[in-house]
Amino acid sequence: KYGSGPSPFGNILTVGTGRGLPALGPISIPVSLASTEAASGLEIRIADTPDWFHVTGVTLTGRASAMTSSFTDGTGGVHILVYSPTGSRIGFGDGDILSLNGTIDPGATEGDSADLNTVVLMADDAGQPVTIDSVDGVLHIERIAGDVNGDNFLDAGDIVRLIEIILGTGDVPT
């Protein structure tokens, strides 16, 4: 991380790693931006191969929290626009700018993974294109370490389930 200063490597959008199992609840995948200049907008296309991640929402965070987003999730990927109708912008720096929230397709098989191939366009304050690279992410179809109750979250429910297992109450452990 480079704090609040510009990235020494130019402009790079990175899609993170997601983990979870189908039909157990939502998961989130972080997206970060290291940039040497401010952005007035981003267009992000992420193709998941195979098509196992279904985006249900985009949460803007950090430097992008004053922006607006819209998305469509079609067969094979998601198309995201990050913009501002009021002139806000994503300042230069490094860190998470959004979280992709969604579910894993019931047809996904535990132990497999899906590549999250990314293409991004970035615009400066004048609406002109800015050179930007991207780093692809990956979605692992696996149980999250510590998720004892299998709901794709690490929370108090896991502690309750662990106590049930120790005491021999509740459902048989899987």
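Residues numbered from 1 in each chain as written. Predicted model: local features only at pLDDT ≥ 70, side-chain atom pairs only at ≥ 80, totals over all residues. Heavy atoms only, no water.

Draft legend 1. View of the pairing of strand β4 (residues 41-49). Direction of pairing for β4 relative to strand β9 (residues 113-123): antiparallel, over a ladder of nine bridges. Across the sheet, T49 pairs through a bridge with D115, a residue of β9. Sheet topology places β4 next to strand β7 (residues 77-83); six bridges connect them, and they run antiparallel. Directly across from E43, in β7, lies its bridge partner L81. (Pairing = 2+ DSSP bridges. Helix = DSSP H or I, 4+ residues; strand = E, 2+ residues; numbered from the N terminus.)

Draft legend 2. View of unusual backbone geometry. Following T49, the chain continues to P50 via a peptide bond in cis, the omega torsion being -5°. Looking at where P50 falls in the secondary structure, it is placed in the loop between β4 and β5 (53-60).

Draft legend 3. Local environment of the environment of A23. Take A23: it is sitting in the loop between β2 (17-20) and β3 (27-35). In this structure, the C-alpha to C-alpha distance between A23 and L33, residues ten residues apart in sequence, is 30 Å.

Draft legend 4. Representation of the sheet that holds strand β1 (residues 12-15) in the model. Spatially, five strands are ordered β5-β8-β3-β1-β11 in an open sheet, and the strand pairing comes out mixed. The open sheet has two edge strands with one neighbour each: β5 and β11 (133-135). Sheet twist, expressed as the average angle between the axes of neighbouring strands with direction ignored, equals 25°. (Axes fitted to C-alpha atoms, helices over the stretch in contact; angles between N-to-C directions.)

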